[in-house]
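What the coordinates show
Each chain, letter by letter, is given below.
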Amino acid sequence: MIRIENLNYAYKTGAKNQKQALVNINLEIADNSLTALIGHTGSGKSTLIRHLNGLIKPDSGKIFIDDTEITAPKADLRRVRFDVGLVFQYPEQQLFAETVYKDIAFGPENMKLGADEVKRRVYEAAEMVGLSEKPLEKSPFELSGGQKRRAAIAGVLAMKPKKLIMDEPAAGLDPRGREEIFALIKRLHKSGMTMLFTSHSMEDAAKTAERVIVMDKGKIFAEGSVAEIFARGGELRKIGLDAPQVTIIADKLRALGYDIPPVYTVEQMLLAIRKIIGGKNG
Amino acid sequence: MKILNVENVSFSYSEKETVLKDINLTIEKGSFTAIIGCNGSGKSTLAKHFNAILLPKSGAVYVKGIDTRDEKRLFEIRSAAGMVFQNPDNQMVAAIAEDEVAFAAENLGLERNEIRRRVDESLRAVGMEEYALESPAHMSGGQKQRIAVAAALAMEPECLILDESTAMLDPQGRAELMQTIKKLNRENNITVILITHYMDEAVQADRVIVIDGGEIVTDGTPRAVFEDVEKIRSLGLDVPQAAELAHELGLTGVLTADECVNAVDKLLGGAGR
Amino acid sequence: MVDILIGQYLTGSSALHRTDARVKIILLILYAALLFIIKNPLSYAIFLIFTTALTMMGGIGFKAVMKSIKPLRWIIIFTAVINLFFTKGEPLLSFWKIAITAEGIDLAVKMTVRLLCLIVASSLLTLTTPPLTLTNAIESLLSPLAKLKVPVRELAMMMSITLRFIPVLAEEADRIIKAQTARGADFGSGGIISRAKSLVPVMMPLFISAFKRAEDLATAMDARCFISGAPRTKLHEEKLTPADARAGVVFVVFAAAVAAAELL
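Residues numbered from 1 in each chain as written. Chains lettered and ligands numbered in written order. Predicted model: local features only at pLDDT ≥ 70, side-chain atom pairs only at ≥ 80, totals over all residues. Heavy atoms only, no water.

A few words on the overall build of chain B. Along chain B, the regular secondary structure elements total 11 helices and 10 strands. Expected size for 273 residues packed as a compact globule is a radius of gyration near 19 Å; at 20 Å, chain B falls within 12% of this value. Seen through its principal axes, chain B has C-alpha atoms that stretch 65 × 45 × 35 Å. Looking at chain B alone, contacts between residues at least 24 apart form 64% of all its contacts between residues at least 6 apart. (Helix = DSSP H or I, 4+ residues; strand = E, 2+ residues; numbered from the N terminus. Rg over C-alpha atoms; globule rule 2.2 N^0.38 Å. Contact = heavy atoms within 4.5 Å.)

Before going further, it helps to examine the interface of chain B and chain A. The partner chain A presents 31 residues to the 37 residues of chain B that form the contact. Counting each side, the surface lost to burial between chain B and chain A is near 3,000 Å², with a carbon and sulfur contribution of 60%. Looking at the side of chain B facing chain A, the largest losses of area belong to Gln 241, Leu 245 and Leu 268 of chain B, adding up to 21% of the total buried there. Viewed at the interface, chain A and chain B are joined by 1 salt bridge. Notably, a salt bridge pairs Lys 252 of chain A with Asp 258 of chain B, separated by 2.6 Å at the nearest N-O pair. Run the count over chain B and chain A and you get 11 residue pairs in polar contact (both at pLDDT 80 or more). (Buried area = accessible area lost by both parts, 1.4 Å probe. Salt bridge = Lys/Arg side-chain N within 4 Å of Asp/Glu carboxyl O. Polar contact = N/O pair within 3.5 Å; in protein donor to acceptor, adjacent residues only side chain to side chain.)

All names here are of chain A. Taking 1.5 Å of rise per residue, 14 residues should cover 20 Å, and helix H4 (residues 115–128) covers 20 Å from first to last C-alpha, within 8% of that figure. Every buried residue of H4 is accounted for by Val 118, Arg 121, Val 122, Ala 125 and Ala 126. End-on view of H4: buried residues confined to an arc of 130 degrees, all on one side of the axis. Exposed side of H4, more than 90 degrees from the buried face: Asp 116 and Glu 127 are the residues found there. Where H4 is buried, its residues touch helix H3 (100–110), helix H5 (133–136) and helix H6 (145–157). Backbone geometry just downstream of H4 places Gly 130 in the positive-phi region, at approximately 80 degrees. (Expected span 1.5 Å × (residues − 1). Buried < 20%, exposed > 50% of the residue type's maximum accessible area, 1.4 Å probe, protein only. Arc of directions from axis to C-beta.)

Detailed reading of the predicted coordinates is not advisable wherever pLDDT falls low. Of all residues in chain C, 96% attain a pLDDT of 70 or more, and the chain-wide mean is 85. Below a pLDDT of 50 lies the segment residues 1–7 of chain C, which in the model reaches 18 contacts outside its immediate sequence neighbourhood of four places, other chains included. (pLDDT = per-residue confidence, 0-100.)

With that out of the way, let us pick up the interface of chain C and chain B. On the chain B side, the residues contacting the 30 residues of chain C number 35 residues. Between chain C and chain B, the buried area comes to about 3,000 Å², and carbon and sulfur atoms account for 58% of it. When the buried surface of chain C facing chain B is broken down by residue, Arg 224, Cys 225 and Leu 235 of chain C rank first, second and third, together holding 27% of it. Joining chain C to chain B, the criterion identifies 2 salt bridges. A salt bridge links Arg 232 of chain C to Glu 106 of chain B; the nearest nitrogen and oxygen atoms lie 2.9 Å apart. Ranked by residues supplied to the side of chain C that touches chain B, first place goes to helix H10 (residues 200–223) of chain C with 8 residues.

Further remarks concern the packing of aromatic side chains. For the coordinates displayed, the defined rule picks out 12 aromatic pairs over all chains. Plain terms: the ring middles of Phe 11 of chain B and Tyr 13 of chain B are 4.9 Å apart, the flat faces sit at 90 degrees to each other, and that makes the pair edge-to-face. Looking at Tyr 13 of chain B, the relative accessible area reads 55%, which means it is exposed. Here a set of aromatic residues connected by ring pairs shows up, and it is made of Tyr 31, Phe 47, Phe 50, Phe 251 and Phe 254 of chain C. Looking at Arg 3 of chain A, its charged tip hangs above the ring of Phe 64 of chain A, at a distance of 4.5 Å from the centre. The positively charged end of Arg 174 of chain B is found above the aromatic ring belonging to Tyr 198 of chain B, 3.6 Å away from the centroid. (Phe/Tyr/Trp six-rings, centres within 6.5 Å; stacked < 30°, edge-to-face > 60°. Lys NZ or Arg CZ within 6 Å of the ring centre and 35° of its normal.)

This structure, assessed with the given rule, holds 52 salt bridges over all chains. Glu 124 of chain A is the salt-bridge partner of Lys 160 of chain A, the closest N and O atoms lying 3.6 Å from each other. With Lys 160 of chain A in the loop between H6 and strand S7 (163–166) and Glu 124 of chain A in helix H4, this residue pair connects regions lying 36 residues apart in the sequence. By relative accessible area, Lys 160 of chain A is classed as partly exposed at 36%. When its relative accessible area of 30% is taken as the criterion, Glu 124 of chain A is described as partly exposed. Put simply, Arg 146 of chain B and Glu 176 of chain B hold a salt bridge, and the shortest N to O gap is 2.8 Å. Remark: Glu 176 of chain B occurs in helix H6 (residues 171–187) and Arg 146 of chain B occurs in helix H5 (residues 141–153); sequence separation between them is 30 residues. On the basis of relative accessible area, Glu 176 of chain B is assigned to the partly exposed category, the value being 23%.

Another aspect to go through is the sheet that holds S7 of chain A. Residue and element names in this part refer to chain A. As summarised here, the arrangement of the 6 strands in space is S6-S7-S8-S3-S9-S10, forming an open sheet in which the pairing is mixed. Of all strands in the sheet, those bounded by a partner on one side alone are strand S6 (84–87) and strand S10 (219–225). In this sheet, neighbouring strand axes are inclined to one another by 15 degrees on average, regardless of whether the strands run parallel or antiparallel. Here S6 runs beside S7; their pairing, made up of 4 bridges, is parallel. (Pairing = 2+ DSSP bridges. Axes fitted to C-alpha atoms, helices over the stretch in contact; angles between N-to-C directions.)

On to the pairing of S7 of chain A. Look at any regular strand and the pattern is simple: side chains alternate between the two faces of the sheet. All names here are of chain A. Burial of the side chains of S7 extends over both faces: Lys 163 and Ile 165 are buried on one face and Leu 164 and Met 166 on the other. Here 4 bridges tie S7 to strand S8 (residues 194–199), and the two strands are oriented parallel to one another. Across the sheet, residue Leu 164 finds its bridge partner in S8, namely Met 195. Once the chain exits S7 it traverses helix H7 (residues 175–190) before rejoining the sheet at S8, and the crossover so formed is right-handed. (Right-handed = clockwise from strand over helix to strand, strands pointing away.)

A separate point is the nonpolar core. One finds Val 149, Leu 162 and Phe 226 of chain B to be the most contacted residues of the largest nonpolar core, which totals 52 residues. Broken down by element, this core gets its largest block of residues, 6 residues, from H5 of chain B. Contact partners of Leu 162 of chain B, with chain neighbours within four places excluded, come to Val 84, Val 149, Leu 177, Ile 181, Val 192, Ile 193, Leu 194 and Ile 195 of chain B. Ranked by size, the runner-up nonpolar core spans 51 residues in total, among them Phe 82, Ala 151, Met 159 and Leu 241 of chain A. (Core = buried A, V, L, I, M, F, W, Y, C linked by side-chain atoms within 4.5 Å.)

With that settled, consider the layout of surface pockets. Residues and elements named next belong to chain C. Reported here for the second largest pocket is a volume of approximately 830 Å³. Around the second largest pocket, the lining is made up of 33 residues, and of these His 17, Arg 18, Thr 19, Thr 133 and His 236 lie nearest the centre. Counted by class, the lining of the second largest pocket contains 8 nonpolar, 11 polar and 14 charged residues. (1 Å grid on protein atoms, 1.4 Å probe; cavity = no way out; pocket = protein on both sides within 12 Å on 5 of 7 lines; lining within 4 Å. Points joined across faces, edges and corners; volume = space filled by probe spheres on them. Nonpolar A, V, L, I, M, F, W, Y, C, P; charged D, E, K, R; others polar.)

Residues and elements named next belong to chain B. At their nearest, the axes of helix H4 (residues 112–125) and H5 sit 8 Å apart, and the two run at 140 degrees to each other. The orientation of H4 with respect to H5, classified from their angle, is oblique. In this structure, H4 meets H5 at a crossing whose hand is right-handed. Contacts from Ser 122, Leu 123 and Ala 125 of H4 reach H5 at Ile 147, Ala 150 and Leu 153. Class assignment of the residues belonging to the contact of H4 with H5 gives a composition of 5 nonpolar, 1 polar and no charged. (Parallel < 35°, antiparallel > 145°, perpendicular 65-115°, else oblique. Left-handed = near helix turned anticlockwise from the far one by under 90°.)

To continue, consider the environment of Ala 151 of chain B. Secondary-structure assignment places Ala 151 of chain B in helix H5. Overall, Ala 151 of chain B belongs to the buried group, its relative accessible area being 1%. Remark: the alpha-carbon pair of Ala 151 of chain B and Asn 185 of chain B, spanning 34 residues in sequence, is separated by 16 Å. Residue contacts for Ala 151 of chain B: discarding those within four places in its chain leaves Glu 100, Val 101 and Ala 104 of chain B together with Arg 224 of chain C.

Shown next, in the form of structure tokens:
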């Protein structure tokens, strides 16, 4: 479980302007959940997740990971970082080693694990992200864009975190690459990991997550199940999130008087329309 | 009139693999074309042939009838086909917006008054005239890319090529940039070539060209291209949800959300209201 | 956030901002020269007042000033301490082998004021002048060297681009450090060798990114008709304006006040 209590944070720019980035955040993220944190650029979502493994210290407020308060003065942040994996945006930009294998091994080696354990974890992590053995001996820079991203994610998975947080995991990928990443997120969630990812796409959140947290101007704007959140599509569009096209189509049909619930995937929309057709014929 | 002519162009970076295979293509002046394809399809490599950043290994590219291999006319070629790139931070030379916009005009060796006029007009064309003295470092992604568009406009190009310029933007930034280039296409009669992997952007063009494995696999109106849902999917691309929905329901001629609403309304015929 | 002010010009429209960068550079050089020949404490006071006034006129906040001083604080302290303890003269206080002399105090204070004034005045130049304008000014001042086949223009361009990319790369370094920290990297402990080794995961990605950015930028410059060595024109007027004349007059008055103080 991740619990955030009354968290506040302001950027210290040094110049005259201090920018309040996070305002009185209270949140709880349950174990084994799959949560999307959505909001437009500058809403504070990246800043918030960097707090969750102690990379940023809040100005005030507390963060608990399971029963450990990581904001306590003497918190063992290194251990926290092995429990809470954080994959940055464009993580492939952090690849550095001569081979993909060595890159993935970086995390486990920092944990001071034995050579056999490191090896076991590298292969396991590579398999999880769908990299076969062959690319492991290659230089990370020879891989394709999507492969690089998955290799970088494997580097975090190899630490076997209980919780994995990903910042804009699909940014910059083409549709096929996006699909692969979201399939991976779902797979990791099924394997028992607590997953949290940020996105500015309502569609990605709708397709992948169970719960959705919406941030706007450094505050929690809304929080709930996917259905609860997307029932409020109009409000979300007002704060600069773009709704899936089907949601807009459904809204317009509803305005015409059709009995169509708020939907956010093509499948749900088809179901709603077919139900009406069924009613008409039967 | 044709502004761009691509004739039998093949290109490769190394002996091992061919990136572009025998591409033939013409672009009409004043048109708005989207070139789509997944990562590694060769779409960006093709775009870089349009202003002589890359030269074909075989075949030829003509900009306004000028062969891009004609080094003596490089300025003419490049100022006719302005280009905006993917990463807004990596294409900026200056620390102040108007200096950035002035850069190309300065390179062309224009008179000071003429540079001033072009800078002001370009900034106005992208709606950033109020930011002339601001630093792009403090701007949003969408604003930075609009400055980059203005920076290309300062060459008074007839054609604007956007090489995945929306890829690193958030939805707001993308919408901003799309609005800007559509306005330039409509009001200033600038030919637009948009390289993207966002289908909702491609839908807004007059013509969509799909590239896969270095070859043109489909070329037509967005309506025609996206009607073939299976083909687009097999290429690893998305189909706009409106088109996908229509396809599943067996409706034809649907591309936009509104068209989809009308078609579904017709299909249901008022039932369930 | 990485605290690097270079290239982080503060937008504004003060008289200081409007003064031609070439004028500012020349006046800064004269200012520095003057600063190192003065002897009278009154002159130091005039320098302090003048520099403070300029800072306020430029609309530069106290924090921005402190930020430019901070990286050099050890040099200032070191210089002050050296002067304080190692100046020969009449000891005021002495313990063991160390003596504090009146001359030492005098020199230490003077050196500190000198350094502070110099740092603040130089930061005023970079804070009120966009980097490109600054390099254009340097280029213009050095243009006589072009006759000696020194590639002044290219050097100036290189400098301005370097300045522009420093904040970008600094931010990137910060992000990479955080990302590797999230993978358990430890930058703060161990001997020199293990510390140097721990930098590889930061430096490698940073270099790769810098090269990629350089390549992107070169392409973007090509696309906008930049040809190295080709003649270019300039958007900005190189003519001096009344604001520059005023700056000159203000400086002459200041220099006269200092001269008067010296002759008193």
